[in-house]
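# Residue-level structural notes
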Amino acid sequence: VSDAHPGLRAELHLVAGVVLHAVGYAAEGVDRLRQAAALAPGELRYLVPLANALIIAGDPAGAVQALAAAAQGPQGRAVRVYQGCAHALAGQPDQAIPLLEGAKGMTLPHLRDVRYAGLACLAHALLAKGQPVQAERVLAPIRVQAANPGTAPGIAWRLMALDGRIALARKDPLTAARRWI
């Protein structure tokens, strides 16, 4: 594909990067995802998979830095949520929580998925700080959405996983097991 089609090249690098990463070629996958992000600067479509791969590789600081390329753009609020998720998944709840608090105010329909991801990450961070009651409270909007028919299975799965962790934090392993089965 020629240099005249950077969007197509970015897509091809994205697909190659995700596949390489998924089949165990993590470093090669990250390299391809970096190339995709370089061809489409500031585009979350390319930055989020790169950030996820970096988190899995144990480089949350790299994930936060990769996302910073879009922080000042029109998707800045979403970027801050994704950066908060990177911190939460890296076991850095004190850095995560201030960034993730913004997810609570995301009510526009086009931000729904970002909001739910952010709320799930916020619950994860609150659990890491030993605050299961607050984590459960944060999940209330996701619970409402998960009850609707046609909800993406990922939302229900996240809710079940976090509910199980909340039950464990409350010293209730039977409820945790029920949530996970």
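Whatever comes next refers back to the structure up there.
Since this is a predicted model, take the numbers as computed values, not measurements. (Residues numbered from 1 in each chain as written. Predicted model: local features only at pLDDT ≥ 70, side-chain atom pairs only at ≥ 80, totals over all residues. Heavy atoms only, no water.)

This part covers the side chain of Gln83. Relative to the elements of secondary structure, Gln83 occurs in helix α5 (residues 76-89). The exposure class of Gln83 is buried, given its relative accessible area of 9%. In this structure the side chain of Gln83 is engaged in a polar contact, spanning 3.1 Å, whose partner is the backbone oxygen of Val64. (Helix = DSSP H or I, 4+ residues; strand = E, 2+ residues; numbered from the N terminus. Buried < 20%, exposed > 50% of the residue type's maximum accessible area, 1.4 Å probe, protein only. Polar contact = N/O pair within 3.5 Å; in protein donor to acceptor, adjacent residues only side chain to side chain.)

The next point concerns helix α2 (residues 26-39). It helps to recall that an α-helix has 3.6 residues per turn; residues three or four apart then point in one direction. An ideal rise of 1.5 Å per residue puts 20 Å on 14 residues; α2 measures up with 20 Å between its terminal C-alpha atoms. Considered for burial, the residues of α2 that qualify are Gly29, Val30, Leu33, Ala36 and Ala37. One side of α2 holds all its buried residues, which, seen down the axis, span an arc of 120 degrees. Those residues of α2 that are exposed and aimed more than 90 degrees away from the buried face are Ala27 and Ala38. Where the residues of α2 are buried, they touch α1 (6-22) and α3 (44-56). (Expected span 1.5 Å × (residues − 1). Arc of directions from axis to C-beta. Contact = heavy atoms within 4.5 Å.)

Let's shift gears to unusual backbone geometry. A positive phi angle is found at Lys171, which is not glycine, with a value near 65 degrees. Secondary-structure assignment places Lys171 in the loop between α10 (153-169) and α11 (173-180).

Our next topic: the pattern of salt bridges. Counted under the stated rule, the structure contains seven salt bridges. For Arg112, the salt bridge is made with Asp113, and the minimal N-O distance between the two is 3.5 Å. A relative accessible area of 37% places Arg112 in the partly exposed class. Three or more residues joined by partner-sharing salt bridges are found here, namely Arg143, Asp163 and Arg179. (Salt bridge = Lys/Arg side-chain N within 4 Å of Asp/Glu carboxyl O.)

Quick look at a nonpolar patch on the surface now. A surface patch of nonpolar side chains, amounting to about 390 Å² of accessible area, comprises Val15, Val19, Val23 and Tyr25. Within the fold, Val19 resides in helix α1. On the basis of relative accessible area, Val19 is assigned to the partly exposed category, the value being 47%. (Patch = residues over 30% accessible without salt bridge, like charges linked within 9 Å, V, L, I, M, F, W, Y side chains within 5 Å. Areas by Shrake-Rupley, 256 points an atom, 1.4 Å probe, with all protein chains shown as cover.)

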